[in-house]
Amino acid sequence: MVSFLRLISLLCLPILFAVPAIGSVSEGTEEDFSEDLLLKPLPDRKVLAHFHFQSVAPSSRSNSYGRHHHLFPKAISQLVHKYRIKEMELSFTQGRWHYDRWGGFDSISSSNAKPSGVELWAVFDVPPNEVDASWKNLTHSLSGLFCASINFLESSTSYSAPKWGFRPASENMRYGTLPREAVCTENLTPWLKLLPCRDKSGLSVLMDRPSIYKGFYHSQRLHLLSTEFDSNAVDSAIVLDQTLTVVLQPYSHRGALGYSNAAQLQPSWSLSSIFGRKVPGRCVLARSSNVYIQLDKGLMAELQGMLGEQEMLAVTRSSSEGSTRNLAFELSANPDRVHMEMSSRNDKHLSVLYMFSVAEKYDESEPLDLRFTWKIPVVWSIPQAPLHVTRFVLGSGNERGAIALQLKSTKPSDQLIPNTVITDSCSLLVKVFQVVPWYIKVYYHTLQVFIDDQPHSITNVVEKMQVSPSEDKVSPGVLEMLLKFPCGLKSAALTIEFDKGFLHIDEYPPDAHQGLDIPSAVITFPDFFTSTQFAENNSSKSPILSKWQGQSPILSYTEVLLVPFTTPDFSMPYNVITITCTVLALYFGSLLNVLRRRVGEEERFMKDKAKKKFQVSQLVSKLLAKLRGRHWEPSESQAPSSSSNSKSKLLFKVILVAGLAAAWQYYFG
Amino acid sequence: MAAKEQFEEVEKKRKGNFWIWMVLSVIFRIVMIYFPNLNLSSRPEVSTPLTSIHRLAEGYWLKQSSMSPYAGSMYHGSPLLLSLLGPLTVKRIEGQPDHLLCSFAFVVADVLSALLIRAVGQNLQRAYYQNLRLLKVNLSKNSEFFPAGDIASLVYLWNPFTIVACVGLSTSPIENLAIVLTLYGASKGQVPLAAFGFVVATHLSLYPIILIIPVVLLLGNGLDAPPRKLFLQRSSSRVVVGPSRDSCSQQEEVINQSEVPNGFSLRPVMYFLLWVSLFSVYLLLLCGVSLKQFGGLWEMFRSTYGFILTVQDLSPNIGVLWYLFAEVFEFFRDFYLIVFHINILFMITPLAVRLRHRPLFLAFMLLSISAMLKSYPSVGDSALYLSFMGLFVYELVDLEFSFFLFCGYIGISLLSPVMHNLWIWRGTGNANFYFANAMAYACFQIVLVVESVSTMLNHDRKLRKLSAVKLS
């Protein structure tokens, strides 16, 4: 029963997810656009910047403009209508999200930490037999739209149809990744084109290409949610979320001054120091345009420990009264509002969000340049997912290997463990979704589970397992597993062996010696959700906050694996064909010769032949003699006749070659 | 009388020696099984995609988790082998090496094959002596007695190729057993046994289907004998000299007349075909039942015979086809597939015409040709034809280049792991190293085949000459 309820809740998740977002605009049938920027100091002296642009188009049914749009990108709405997309997400990522340092238990990490390269998944509202065709068309359209090689996802070897491992209860879903796709500014430009203000005004002005591409992590994402084809939906709409998440290293002036002091002091930063630009004002088409600064739970707890209750009030409350100074840090501008996180449980340490509205205050003459200056050194840790996941390849050589997935407990405090887990016999559920390309031939029967370095029976750990093995040159292998670990788990490891396939020379990628990639595995913790409620209720205006209020699943992507492959000699096709055929001819000819030969008859045959040859040569010499007008002597021995014969042959050959040469000269010279 | 006793004693001693060597070979295999970290089961020379035990275990696992064993292009063997060997791959005994039970099954298969080869060899030898006596030809001057059956079966048991294939857990010992069973049944005239072996062998690896010609000849003509023409000449010459013979020779003649190989008898062949169709229907029924919920027989044919014929897996082996098909242009692929398979079929007719009086030797030839040209060859196949060579010790005494071939085989089997290591593990060599080795191996096999045929034909010529001398 419990599991059934859980399933129901999982099923409802996308709806929960969507309701606040759509609800915020449901009152108007007008199109809507809003922009947000979230800045967050990270424990490892870096800053996270997260742009969030949301465009909403009301249903085409209620739309008074027919097929036209004011703000919403037409290309996207055409895409949605043509391929009947229910939900779609496309992300371009460079770099790797460090779950241990940049967080693994908040909605940014759950929806914006993506595997490097391109990831695309889509849910279609078409009959199951037409899904593949829609997917193929979609990949081609997106490929054109975003100047990326997404069309490589068209081939059936590169995409898969996850059943339940990637997202709960996903019918008609297709999932594909391109781990080696290089992401650069040519992908960002078309993405920016979808925004009504492009990067001419508003927050997107900050996207100075050199500064955002020099970051440690760069992920640009496009999420599309459409209730257009849902007949039950009261008011249907297409919601387009575009986010850009970058992790940047602020350049700290103080770090250069005194090493001993600055070592612990976090670098101070401002918009102009990390982006090289200032916000000149809002995008006039945007309904709301806000900049947020978030201080996460771990930081707040640390600050409380250092400052004490009184000073903490200055951090949280007094700032709303105009003072932006406290003992820990200093903000250059007054926040318009301070959101305190609300918690269902009695929790002392909660994150704080400072909101700065760009709307009226700032313009070209007085641009917003938010500055965050640390006063005291702080070291904190960021909330993390219950298990930290790493994946690596075992073995050496180019013949076989094993994939190992290592899960290490991050020792979640009690607050992270949801109630359901505590009530039923304490266990930790982990969902693993892994796509393996066909040339990695996985032996699924070799799956082994180690818990705390002890081998463990698979049947005790694996609750549910769905395997669709890869078919050579047709489809990739998909492994979906639901694992159940005991709560006191320190570390767990899964290993599975594979053989490396040998491909045809045309099937190798251009740089074959580098190796081939195994896409990231997705690890989901189905019992855990992150949801951040803020005290003030009118926060639903902002897309970022409304998104945070919805529950988002906790998941993490593993590293992309690079598997070295052996290659044939690419320059050899002709040699191989000729050598092999020579050997084959040797076999055929010599065997046939042996079978054909008869000793007695051979001698007779040779005799006959010799006689015949002699007759022919005699005839020829007779003819020649006649031509020369001389009397032919029959007593002529065989040797001279044969020599004359060979002479005439030679003459004929010379004439033939000369004739050929002349013809060649004549026609081609 | 004393000579006969002595002969019997020698015979007994030899028999004792045979059993000792056989037991020793079994012990050697078991020791090798317990030898840790040999990793023979993943050697490309030993296990091909068709015979690998890992793939069989994967197929069994897929079947156990109610998926088609052929899902995922892993397993390409018979569904019945899966039901027989599959459970053995899962069962593990504490403290013993993995797949111990499987290894025992393969050892038993090897021993059975060796015993059957021995029986075939003894039959063959008896027939050989009988024929020589009939022709009144005394070939061996020093009258040395080679027990061909014992030699062939010990060659089979002690051939490093066989040992490696058995310890390396490839399924080729079982395929070999089925082939040997076919030939044993055919040579003994036990039609149902021959048909059973033939159907099973064909089902397991497709290529033994070409053995239908030697089997039919064996059943129709009887065991290997010198060409019929010689006997006819002899009996006709007897008729000519008929009036002047004494009563003793007349008696002998009566005995001989019955022993002169008579013409092709159609009856056992018809029986054989009947039994073959019966067994194939039964086998297909069994396969159909075991694959009922997984796509049925079509799926089986597609991923076993289809996989063999289209050479989809390009992982290296000791053959030459993998590299050719890894390199060849896609639009030539079908052409080369046809060429290579036709090459096996094309030689059948000339060989059958020239060697129709020696069906077992024909079988040996066809086995070696298919071992050379098959899409996924392994040393297990070579082991079988090399031991069949042992059956013809008398005839092949004059084999040319035998020392050269022997050294070549040893050299290849030592170089192959080295080249593979250089290419795959160290990365200092490339694919051409291993391919060159495979090429050389193919050449040695070609020389062996060609020379064996030529020696056998020469042997027949010599017999004819000798009998002609006797006649005149």
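Residues numbered from 1 in each chain as written. Chains lettered and ligands numbered in written order. Predicted model: local features only at pLDDT ≥ 70, side-chain atom pairs only at ≥ 80, totals over all residues.

Describing the overall build of chain B
When its secondary structure is counted, chain B shows 21 helices and zero strands. Over its C-alpha trace chain B gives a radius of gyration of 24 Å, about what one expects of a compact globule, namely 23 Å for 472 residues. Seen through its principal axes, chain B has C-alpha atoms that stretch 80 × 50 × 40 Å. Within chain B, the proportion of its 472 residues that are buried is 47%. Of all intrachain contacts in chain B linking residues separated by at least 6 positions in sequence, the fraction that spans at least 24 positions is 77%. (Helix = DSSP H or I, 4+ residues; strand = E, 2+ residues; numbered from the N terminus. Rg over C-alpha atoms; globule rule 2.2 N^0.38 Å. Buried ≥ 20, exposed ≤ 12 C-beta atoms within 10 Å, placed from the backbone. Contact = placed C-beta atoms within 7 Å.)

Side note on the overall build of chain A
When helices and strands are tallied, chain A shows 18 helices and 27 strands. In chain A, buried positions account for 38% of the 669 residues. Here the analysis covers contacts within chain A between residues at least 6 apart in sequence; of these, 75% occur between residues at least 24 apart.

Points about the packing of helix H8 (residues 191-205) of chain B against helix H12 (residues 266-290) of chain B
Residue and element names in this part refer to chain B. Axis separation between H8 and H12 bottoms out at 8 Å; the angle between their running directions is 45°. The orientation of H8 with respect to H12, classified from their angle, is oblique. Handedness of the crossing formed by H8 with H12: right-handed. Facing H8, whose interface residues are Val191, Pro192, Ala194, Ala195, Phe196, Phe198, Val199 and His203, H12 presents Pro268, Tyr271, Phe272, Trp275, Val276, Phe279, Ser280 and Leu283. (Axes fitted to C-alpha atoms, helices over the stretch in contact; angles between N-to-C directions. Parallel < 35°, antiparallel > 145°, perpendicular 65-115°, else oblique. Left-handed = near helix turned anticlockwise from the far one by under 90°.)

As for the sheet that holds strand S21 (residues 477-486) of chain A
Residue and element names in this part refer to chain A. The sheet built from five strands is open, its strands ordered S20-S21-S17-S24-S26 with antiparallel pairing. For this open sheet the edge positions go to strand S20 (462-468) and strand S26 (552-557), each flanked by a neighbour on one side alone. Recorded for the sheet is a direction-independent mean angle of 20° between the axes of neighbouring strands. For S20 and S21, the ladder comprises six bridges, and the chain directions are antiparallel. Its bridge partner lying in S21, Met465 is registered against Met481. (Pairing = 2+ DSSP bridges.)

Some thoughts on the sheet that holds strand S7 (residues 217-226) of chain A
All names here are of chain A. A sheet is described by the order of its strands in space; here twelve strands give the open sequence S5-S6-S4-S3-S7-S8-S2-S1-S10-S13-S12-S25, paired in mixed fashion. At either end of the open sheet lies a strand with only one pairing partner, and these are strand S5 (159-160) and strand S25 (533-534). Here six bridges tie strand S10 (residues 289-295) to strand S13 (residues 352-357), and the two strands are oriented antiparallel to one another. When the bridges of S13 are listed, Val291 appears paired with Phe356.

Details of the interface of chain A and chain B
In this assembly, 38 residues from chain A lie in contact with 43 residues from chain B. Elements with a contribution of two residues or more to the side of chain A that touches chain B: strand S18 (440-451) and helix H16 (573-596) of chain A. It is H16(A) that contributes the most residues to the side of chain A that touches chain B, 15 residues altogether. Partitioning the side of chain A that touches chain B into residue classes produces 22 nonpolar, nine polar and seven charged. (Nonpolar A, V, L, I, M, F, W, Y, C, P; charged D, E, K, R; others polar.)

A look at unusual backbone geometry
Residue and element names in this part refer to chain B. One non-glycine residue, Leu206, adopts positive backbone phi at about 65°. Within the secondary structure, Leu206 is located in the loop between H8 and helix H9 (212-221). What makes Leu206 partly exposed here is the crowd of 18 C-beta atoms within 10 Å. For Phe401, which is not glycine, the phi torsion reads 55° and is therefore positive. As for its placement among the helices and strands, Phe401 is situated in the loop between helix H19 (379-389) and helix H20 (402-426).

Some points on the confidence of the model for chain B
Residue and element names in this part refer to chain B. Confidence in the prediction for chain B averages 86 pLDDT; 90% of positions are at 70 or higher. pLDDT under 50 marks residues 240-258. Its contacts with residues more than four places away, or in other chains, come to three contacts. Note on the complex model: pTM 0.84, ipTM 0.89. (pLDDT = per-residue confidence, 0-100.)

Section: helix H7 (residues 172-188) of chain B
For H7(B), spanning 17 residues, the distance from its first C-alpha to its last is 24 Å, which sits close to the expected 24 Å at 1.5 Å a residue. Residue B:Gly189 follows H7(B) closely and has a positive phi angle near 80°. (Expected span 1.5 Å × (residues − 1).)

As for the packing of helix H4 (residues 100-135) of chain B against helix H6 (residues 160-167) of chain B
Residue and element names in this part refer to chain B. Viewed as axis vectors pointing N to C, H4 and H6 meet at an angle of 150°, and their least axial separation amounts to 9 Å. Here H4 is positioned roughly antiparallel relative to H6, judged by the angle of their axes. Seen from H4, the contacting residues are Ser103, Phe106, Val107 and Asp110; seen from H6, they are Thr162, Cys166 and Val167. Taken together, the residues of the contact of H4 with H6 sort by class into four nonpolar, two polar and one charged.

Observations concerning the environment of A:His70
All names here are of chain A. Relative to the assigned elements, His70 resides in the loop between strand S2 (47-58) and helix H2 (74-83). Assessed through the 12 C-beta atoms surrounding it within 10 Å, His70 is described here as exposed. Sequence separation between His70 and Glu228 is 158 residues; the distance between their C-alpha atoms is 18 Å.

Section: the pairing of S10(A)
With respect to burial, S10(A) is a largely interior element, seven of its seven residues being buried. By the alternation rule, side chains of S10(A) split into A:Ser289, A:Val291, A:Ile293 and A:Leu295 and A:Asn290, A:Tyr292 and A:Gln294, which are all buried.

Quick look at the environment of A:Asn137
Within the secondary structure, A:Asn137 is located in helix H5 (residues 131-146). When the C-alpha positions of A:Asn137 and A:Asn151 are compared, they lie 8.8 Å apart, and in sequence the two are 14 residues distant.

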